[in-house]
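So you can see what is in the structure, the chains are spelled out below.
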Amino acid sequence: MAVVTALSAQSGPGSASLAESWASYFGLTNVQVWADTTSYMYWTFTSNLGGAYPSTIVVELDTMEIRFFGLASVSGATPWVNEILAEDHPCGE
């Protein structure tokens, strides 16, 4: 499984340095932070949730299924992470 936090610059494109500063500021040491350089995540997903950040995404890597996408901290995604870990497959070991 992968847990990803997506962010977007308020104006202009995102960048690796923006993602690093976001990860550092929020203490995201066990999660990938992705700076959306095209606003794709915003216009495709986050705008449907009210447009706020951060957006946390839980991906089940065996199937590439998005199991959770919402406006939540990484800890807010715990029920979906635990659900994947409890399943009988390699990601649950």
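For the structure, see preceding data.
The shown structure was predicted, so the numbers you read here are calculated from the model rather than taken from an experiment.

Reading guide: rules and limits
Residues numbered from 1 in each chain as written. Predicted model: local features only at pLDDT ≥ 70, side-chain atom pairs only at ≥ 80, totals over all residues. Heavy atoms only, no water. Helix = DSSP H or I, 4+ residues; strand = E, 2+ residues; numbered from the N terminus. Buried < 20%, exposed > 50% of the residue type's maximum accessible area, 1.4 Å probe, protein only. Polar contact = N/O pair within 3.5 Å; in protein donor to acceptor, adjacent residues only side chain to side chain. Contact = heavy atoms within 4.5 Å.

Novice: Explain the environment of N48 here, please?
Specialist: Here N48 lies in the loop between α2 (40-44) and β3 (55-60). Placed 22 residues apart in sequence, N48 and G70 show a C-alpha to C-alpha distance of 9.8 Å.

Novice: Explain the side chain of R67 to me, please; I cannot follow it from the model alone.
Specialist: With respect to the helices and strands, the residue R67 is situated in strand β4 (residues 65-70). When its relative accessible area of 18% is taken as the criterion, R67 is described as buried. A polar contact is formed between the side chain of R67 and the side chain of E83, at a distance of 2.9 Å. Here the side chain of R67 touches E87 through a polar contact of 2.4 Å, side chain to side chain. Sequence-distant contacts of R67, that is, excluding residues within four places in its chain, are made with V58, E60, W80, E83, I84 and E87.

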